Amino acid sequence: MDPPPNFTKGTFIVKFSTATRLTSANLAIATALISAPVFAQDADDVEPVTTAPATADNAIVVTGSRIVRPETEGAAPLIAAIGEEELETRGFTNVSDALNEVPGFGTPVSSAGAQEGFSVGQNFVNLFGIGSQRTLTLVNGRRFVSSNTASNFGGASAGLQVDLNVIPVSLIDRIDVLAVKGATTYGSDAVAGTVNLILKDDFEGMEARAQYGIFEEGYGESYSASATVGGNFADGRGNVAVNVEYNRQEGVLLLDTPYGQNDFFRGSPTSLFYNRRIAILTAGGLPSNGQGLGFLTNANGDTVQFDVNGNLVPYDFGDRQDIVSSAGGDGLNLNRSSQVLSDLERYTLFALGHYDLTDNVRFFFEANYANTEATELANQPVYQSALFGGDSRPLGVLASNPFLTDQARDVVLGNITAPNFDLDGDGVNDETRFFLQRAGFDLLGGSNPNFQQLDLFRGVAGLEGDFQLMDRDFFWNASYSYGRSQAVSSSTALVQANFLNAVDAVRDPDTGEIVCRVTLDTPPPLGTGQPGTPEQQRAVSDCVPLNLFGEGVASPEAIDFVTAETLAESRNIQQIFNVNFGGGLFDLFSNEVAFNLGYEHRRERQTFTPDAFLQEGLGRSVAIAPVDGSFNTNEYFGEILIPIIQPYNDTFIHRLEFDGSARYIDNSIAGNDWVWSVGGQLAPIEDITFRGSYTESVRAPAITELFLPGVSIFSFADDPCDAEFINDGDSPATRAANCAADGLPADFDSIIDEASQEITSSGNPNLVNETSKSWTVGAIVQPRFIPGLTATVDWVDIELTNAITTLDLTDVLRSCYDNPNFPNVPTCDQFTRGPDGQITGALVGQSNAGSFEYAGLQASVRYGFNPGDLFADGNDAGDLDLVLRYFYLDKSQFTVVGVLDRDAGEIGDYKHEVNGTIRYTYGPFMAAFTGNYRSGASFDLQEAQDQPFSKVGDYFIMDATLGFDITDNVTAQLTVNNLLNSEPPFPSFSTTQYTDGFLGREYLFRLRSSF
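Residues numbered from 1 in each chain as written. Predicted model: local features only at pLDDT ≥ 70, side-chain atom pairs only at ≥ 80, totals over all residues. Heavy atoms only, no water.

> Outline the pairing of strand β41 (residues 839-845), supporting the account with residue identities and numerical values.
Each regular strand shows side chains that alternate between the opposite faces of the sheet. Among the 7 residues in β41, 5 count as buried, and that is most of the element. Here 3 bridges tie strand β37 (residues 757-762) to β41, and the two strands are oriented parallel to one another. By the bridge assignment, serine 761 is partnered in β41 with valine 844. Pairing between strand β40 (residues 831-833) and β41: 3 bridges, direction antiparallel. Each residue of the ladder has a partner; that of threonine 832, found in β41, is glycine 841. (Buried < 20%, exposed > 50% of the residue type's maximum accessible area, 1.4 Å probe, protein only. Helix = DSSP H or I, 4+ residues; strand = E, 2+ residues; numbered from the N terminus. Pairing = 2+ DSSP bridges.)

This is how it looks when you write it as structure tokens:
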């Protein structure tokens, strides 16, 4: 919880003009108290405050409430308030970067690490780590259109998350983060809490910024530029401001980073090795005599591989660690398919303004356009391997293939001495066939990049005003907003039909040239012969023969023939009409009881339309289904604030007040529900305030969760019956007994943890709302004997039921084998095993089958003062400002079908997090240091925790900034991120959790001017 920042020298001042109040009637514009980090003021610049009832001249609205009031916080904790100065000091160019430094935010969806093909580069935050879909993001107190993709192949959980890439940082005045409360004020999705991005208002003048960044290793250059211009018109009755911002972050491949080159792999809590290679695959190809692991050898008995010249040369397996992996050797380096950062380019244009139609009625508007382009630099190659099924199994090739060198053919025929394949179908083997196991990076642009371009438009228009009736002030607001985001994703895919024809190469008997056999006659395709492959029309006349014997030997024309660009479009459309009215009801003990009532109508529609190629599954991916769904809500809300005792009452208690709010939601799909909240604040003396709240809220099912048709997906899983996992879980004895009862031996080796299997996933139109019960309790301390100090502490507890979960394959397997009622458990019927015990199929899908429990503590300290007051006899020695935020995670556990999974203390769900900044300013000079700490964590709490590689250590990153005012209007700034060049804690290799550690030290150079 962040205390109000501007409590400097023990006093503060709040002044709000009528114009400010009008613009803020629906927002949290408590700028004077909750803005940037504390910046000390001179004593002559501040006035003592006497808190008074809310009037037209001092009324503000805080995040999480629509009632105007004189104080800046309600009963629910405001756990962070990040102001413009903090954003500026840190050199942030994306809102998500600022939020993800706040302790308590969990693993986000971001441009770091591996990306999903239909959400490349997007940024969604995840408060308390309970899912980005359960964090509600607002702009100026209003919902914002989502950019999340309505597909199970999106990078985020299904929901209406806001992509923070589209919000210009240079226009932000403040960011409020409110715990749990928000549903009664803003509606569904605020289970964890609410993030409110508050933009600059009544902007006058011009402000411009330019920033350049580069990492010390020379990669990852970044560029940022922005300009904001605004002014008043009509004798001050109106104001318009326009902002334009450009940002570009160049991507970084994993193997380009020093830490990424360490190339170690944690196989289990007891196993770690360096230079991991996939021993049964190479980029050039390993020949085998079947679809298993019987690799061909040369005359010396050495296993052979194809080199870049197409010859078969000795292959080094390295030091085998298991059936798949080796330490060292010539096998596939999977890090070739990994990145640390996506390439991300963003443009935003934002205009906002207002005009006073009368002294009491104001028209306001917002309009913004954003364009983002993102590229995932590396992805998985085209596989032909015994690790996979279907079209990705080892590829059958004839020894007569003319691309084979004589040397390679001799080796093949030395292993397979007699014909083993019936080419003409007469029942007699007349050809020799071998199989190729290969990772084809060269077929998909070298690294198989994915692209996404997103365009977003949003407009808001409304009226707001105030009036007096019976000596009481009343406020009203009516607005309409329309938002649309459209994303087009593209990638290169293998055209399976063309591929099968192109690899079946022969010599034209008339010309002697190498051609596709299909251009001469039309025999059955060689391929893998696996069942379930869709019938596809095969191109004939345009076929270009493809050489796969060695990496990089295929011609560009052949690659062009066997690949195609695929496209998928995602659209989100949001329309909202909101009207609310509030003011004073009556006096209670000389204190005005305030209220607010309102109505909101909202329509949400999401569509996802993959092209025909993707829908028909003509490549290596499963068929990807389109999604088209919508819902609308009618919502009625109200709240009341009851101030029993206020400071101006001059009683023995400083302040006592209660608040309550409720909202009725009528969702066209999920049905009706109530959300409600109560809270209170008690300040027995001026120095300390106790507060608490209780909230019941909901999250409505997302369109993807409701309308996704049954689709095939490829899935990995941790098979609980595998020897590596058999002793894990809350009841290892139950798991072991159930696995044995299913006929699986204790040393069973399941391959689905390393080789994906095709399964089916679908939505569920019968889903109901998720429901949560949350409570908070805390205190704010502002000791009069330490002017400028504010400390807060809040406990947050969330219990979520009917949680919508996809029930991934690991969940299904665990809930089956860890259940004492095995095999009479519904999930045991959702998968099948073959005679060898391996998973052969499964059905997973959306279900209200989960529950979640969270408990944690948020604390913060702010202290701003003039060091001269302590060390220089009161003379001006500059301003020193300290901000410290702390988070403790006590409980984070998810239960699916009765099986409990505890996360608190795992990587991504750290038990302790700290963020601290010390900032010193003196005249034109500024220096700041920021530290971010995460405690050590476990890879998986279900594993034995006393093993050498079961945990990672603490992680600490320090950043520093130096600034200097060159003139009154121009400031230069140097920021060094990861000043100590800290690396990720060993033995983690997670680019999403420890991105800064992979990238190393970064330098940012910024110029800012204002007029």
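On we go from here.
> Give a description of the packing of helix α10 (residues 732-741) against helix α11 (residues 809-817) that names residues and reports values.
Where α10 contacts α11, the two axes come as close as 8 Å, and the packing angle between them is 95°. Our classification of the angle between α10 and α11 gives roughly perpendicular. Contacts between α10 and α11 involve Thr734, Arg735, Asn738 and Cys739 on the former and, on the latter, Arg814, Cys816 and Tyr817. Residues belonging to the contact of α10 with α11 are distributed by class as follows: 3 nonpolar, 2 polar and 2 charged. (Axes fitted to C-alpha atoms, helices over the stretch in contact; angles between N-to-C directions. Parallel < 35°, antiparallel > 145°, perpendicular 65-115°, else oblique. Contact = heavy atoms within 4.5 Å. Nonpolar A, V, L, I, M, F, W, Y, C, P; charged D, E, K, R; others polar.)

> Let's hear about helix α6 (residues 496-503): which residues, and what values?
By the criterion of burial, α6 is predominantly enclosed, with 8 of the 8 residues buried. Of the positions making up α6, those classed as buried are Gln496, Ala497, Asn498, Phe499, Leu500, Asn501, Ala502 and Val503. Where α6 is buried, its residues touch β23 (382-384), β24 (395-398), β27 (472-494), β28 (505-507), β29 (514-516) and α7 (556-562).

> Describe in detail the packing of aromatic side chains, supporting the description with residues and values.
Evaluated as defined, the whole model comprises 34 aromatic pairs. On the numbers, 5.4 Å between centres and 15° between planes, the contact of phenylalanine 467 with phenylalanine 474 is stacked. Taking the relative accessible area as the measure of exposure, phenylalanine 467 reaches 32% and is therefore partly exposed. Judged by relative accessible area, which is 9%, phenylalanine 474 ranks as buried. Consider the rings of phenylalanine 467 and phenylalanine 581, whose centres lie 6.1 Å apart with planes at 5°: the pair is stacked. Of the two residues, phenylalanine 467 sits in strand β26 (residues 450-469) while phenylalanine 581 sits in strand β30 (residues 563-588), which places them 114 residues apart along the sequence. (Phe/Tyr/Trp six-rings, centres within 6.5 Å; stacked < 30°, edge-to-face > 60°.)

> Which residues make up unusual backbone geometry, and what are the values?
With an omega dihedral of 0°, the bond running from phenylalanine 822 to proline 823 counts as a cis peptide bond. By the element assignment, proline 823 lies in the loop between α11 and β40. Of note, the amide linkage connecting phenylalanine 986 to proline 987 takes the cis form, showing an omega dihedral of 0°. Note that proline 987 resides in the loop between β50 (970-977) and α13 (995-999). Phi is positive for asparagine 140, close to 55°, though the residue is something other than glycine.

> Tell me about the environment of threonine 566, and please be specific about residues and values.
Along the polypeptide, threonine 566 turns up in strand β30. Placed 74 residues apart in sequence, threonine 566 and threonine 492 show a C-alpha to C-alpha distance of 6.1 Å. With sequence-adjacent residues up to four places away left out, threonine 566 is seen in contact with Ser489, Ser490, Ser491, Ala493, Asp611, Phe613 and Leu614.

> Can you tell me about the state of the cysteines, naming the residues and giving the values?
Here, the word disulfide means a covalent bond between the sulfur atoms of two cysteines. For the structure shown, the criterion picks out 3 disulfides. Paired by a disulfide, cysteine 516 and cysteine 543 hold their sulfur atoms 2.0 Å apart. Residues cysteine 516 and cysteine 543 are joined through a disulfide that is left-handed, its torsion about the S-S bond being -80°. On the criterion of sequence distance, the pair formed by cysteine 516 in strand β29 and cysteine 543 in the loop between β29 and α7 is long-range, its members being 27 residues apart. The class of cysteine 516 is buried, set by a relative accessible area of 0%. Here cysteine 721 connects covalently by a disulfide to cysteine 739, the sulfurs 2.0 Å from one another. An S-S torsion of about -85° defines the bridge between cysteine 721 and cysteine 739 as left-handed. You can see cysteine 721 sitting in the loop between β36 (711-715) and α10 and its partner cysteine 739 sitting in helix α10, a full 18 residues away along the chain. On the basis of relative accessible area, cysteine 739 is assigned to the buried category, the value being 2%. (Disulfide = S-S within 2.5 Å.)

> Hey, could you go over the confidence of the model for the protein chain for me, with residue numbers and the actual values?
On average, the protein chain scores 89 in pLDDT, and the residues at 70 or more come to 91%. In this model, residues 1-52 is a region of pLDDT below 50 whose contacts with residues beyond four sequence positions or in other chains number 171 contacts. Note on residues 54-58: pLDDT is under 50 here. Beyond four places in sequence and across chains, it has 18 contacts. (pLDDT = per-residue confidence, 0-100.)

> Which residues make up the nonpolar core, and what values go with them?
Within the largest apolar cluster, 92 residues are counted, with the highest numbers of intra-cluster contacts made by Val95, Leu99, Phe128, Ile167, Ile175, Tyr817 and Tyr854. In terms of residues, this core owes the most to one element, α11, which gives 5 residues. In contact with tyrosine 817, other than residues within four places in its own chain, are Pro720, Cys721, Thr734, Arg735, Asn738, Cys739, Asp742, Leu744, Phe822, Phe831 and Arg833. In this structure, Val382, Ala408, Val411 and Ala558 belong to the second largest nonpolar core, which totals 33 residues. (Core = buried A, V, L, I, M, F, W, Y, C linked by side-chain atoms within 4.5 Å.)

> Outline the sheet that holds strand β18 (residues 319-320), listing residues and values.
Taken together, 3 strands build an open sheet; the order of strands is β14-β19-β18 and the sheet is antiparallel. Each end of this open sheet is capped by a strand with a single partner; those strands are β14 (276-278) and β18.

> Which residues make up the pattern of salt bridges, and what values go with them?
Pairing between side chains of opposite charge can happen when the charged atoms of each approach one another. For the structure shown, the criterion picks out 48 salt bridges. Among the ionic pairs, aspartate 356 bridges to arginine 362, the shortest N-O distance being 2.5 Å. Grouping residues by exposure puts aspartate 356 and arginine 362 together as buried. Measuring nitrogen to oxygen at the nearest pair gives 2.9 Å for the salt bridge that ties arginine 833 to aspartate 719. In this pair, arginine 833 is assigned in strand β40 and aspartate 719 in the loop between β36 and α10, connecting sequence segments 114 residues apart. Owing to a relative accessible area of 1%, aspartate 719 belongs among the buried residues under this scheme. (Salt bridge = Lys/Arg side-chain N within 4 Å of Asp/Glu carboxyl O.)

> Break down a negative patch on the surface for me, citing the residues and quoting the values.
The grouping of Asp322, Glu724, Asp747 and Asp749 at the surface amounts to a negative patch. Examined against the element boundaries, aspartate 747 turns out to sit in the loop between α10 and β37. Residue classification places aspartate 747 among the exposed residues on the basis of a relative accessible area of 61%. (Patch = residues over 30% accessible without salt bridge, like charges linked within 9 Å, V, L, I, M, F, W, Y side chains within 5 Å. Areas by Shrake-Rupley, 256 points an atom, 1.4 Å probe, with all protein chains shown as cover. Lys, Arg positive; Asp, Glu negative; His and termini not counted. Charge placed at Lys NZ, Arg CZ, Asp CG, Glu CD.)

> So what about the sheet that holds strand β4 (residues 135-139)? Which residues, and what values?
Across the sheet, 5 strands lie side by side as β3-β6-β7-β4-β5; this open sheet has mixed pairing. Every other strand in the sheet has two partners, leaving β3 (78-83) and β5 (142-143) as the edge strands with one partner each.

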